[in-house]
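# Breakdown of the fold
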Amino acid sequence: MTESVPIRVLLADDHPLVLEGISSRLGTEAHLEVVGLAHNGQEALELAAQLRPDVVMMDVSMPVMNGLEATQIFQQRFPSVRVLILSMHDNREYILQLIRAGASGYILKDVSSDELIKAIETVHQGGTYFSASASQSLFSLDEASAAPMTPSTPDPDSQPLTPREETVLRLLAEGGSNKDIARTLDISVRTVETHRQNIKTKLNIQTAAGLTRFAIEQGLVELK
């Protein structure tokens, strides 16, 4: 990775050993900077107001304020901050609730440190990231037994997506960066950016988390 301003990361977990371990690992990466450690969602919000992180990585199950409540408030107070959930739970409803709340990614605590770093980089760049187990829970569940999602309310004046836009949306929802999508579809990065903006405009959805939720609801996302 080229030299640039480090990605500012705030960690939130009620287990000190987890915080210390992740902080220590991220500290070995020159392009990442751990700016604060929180033990619950309330502390994470208070520290975010002071430290202005780029990415908040937090657990779901925490005292005082859990990760779901904190994610909802982050979206209201700090919409530019990317929330990445790090959890031991791969329950589908857990994951869906966090997506609805505005989380940009969901990874399990059994992932490798390299994947954890990749997840931080991906959400910071505006993408979404789900670890393999989280994807299995989201996208491979038998539809007959799946709990229904509350559908998004479409803009009555919205235009339908073209087949190419649907493909770009699916790849975005699967965590692909603009460069990845350009390479996959053999088009330029600028063309991907244009498709992405057109999708946002047509759907009236401006966040990566919102686009991911829409793609899931419409059945556009497939497990790789």
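Residues numbered from 1 in each chain as written. Predicted model: local features only at pLDDT ≥ 70, side-chain atom pairs only at ≥ 80, totals over all residues. Heavy atoms only, no water.

## A word on the packing of helix α1 (residues 16–26) against helix α5 (residues 113–124)
When two helices pack together, their arrangement is given by the angle between their axes and by how far apart the axes lie. Selection rule: An axis is simply a line fitted to the C-alpha atoms; with a helix, the fit covers only the stretch in contact. Between two such axes, the angle follows the N-to-C directions and lies from 0 to 180 degrees. In this text, helices come from DSSP runs of H or I with a minimum length of four residues, and strands from runs of E with a minimum of two, each type numbered from the N-terminal end. Each angle receives one of four descriptions, namely roughly parallel if under 35 degrees, roughly antiparallel if over 145, roughly perpendicular if within 65 to 115, and oblique otherwise. Any two residues having at least one pair of non-hydrogen atoms within 4.5 Å are treated as being in contact. Amino acid classes used here: Ala, Val, Leu, Ile, Met, Phe, Trp, Tyr, Cys and Pro are nonpolar; Asp, Glu, Lys and Arg are charged; the rest, including Gly, are polar.
Where α1 meets α5, the axes come as close as 11 Å, and the angle between the chain directions of the two elements is 75°. The angle between the axes of α1 and α5 places the two elements in the roughly perpendicular class. For the pair α1 and α5, the contacting residues are I22, R25 and L26 in the first and S113, D114, L116, I117 and I120 in the second. Classifying every residue of the contact of α1 with α5 gives 5 nonpolar, 1 polar and 2 charged.

## A few points about the environment of K118
Along the chain, K118 falls in helix α5. The spatial distance from the C-alpha of K118 to the C-alpha of Y129 is 8.7 Å, given a sequence separation of 11 residues.

## Structural notes on α1
Condition: Only protein chains enter the accessibility calculation, which uses a 1.4 Å probe; a residue whose area is less than 20% of its type maximum is buried, one above 50% is exposed, and one in between is partly exposed. Each direction from the helix axis to a C-beta atom contributes to the arc, which is the arc of those directions.
Looking only at α1, the buried set comprises L19, I22 and L26. Burial along α1 is one-sided: seen end-on, the buried residues are contained in an arc of 80°. Buried residues belonging to α1 abut β1 (7–12), β2 (32–38), β3 (55–58), β4 (82–87) and α5.

## What to know about the packing of helix α3 (residues 67–77) against helix α4 (residues 92–101)
Quick reminder of the rule: Here a crossing is called left-handed whenever its near helix is offset anticlockwise from the far helix by less than a right angle, and right-handed whenever the offset is clockwise.
Orientation of α3 relative to α4, taken along the N-to-C sense of each, is 20°, at an axis distance of 8 Å. Viewed along their axes, α3 and α4 adopt a mutual orientation that is roughly parallel. As for how α3 packs across α4, the hand of that crossing is right-handed. Residues G67, L68, T71, Q72 and Q75 of α3 pack against Q97, L98 and A101 of α4. Partitioned by chemical class, the residues of the contact of α3 with α4 number 3 nonpolar, 5 polar and no charged.

## Describing the environment of I95
Here I95 shows up in helix α4. I95 gets classed as buried once you look at its relative accessible area, which sits at 0%. Here the alpha-carbon distance between I95 and I107, two residues 12 residues apart in the chain, equals 9.6 Å.

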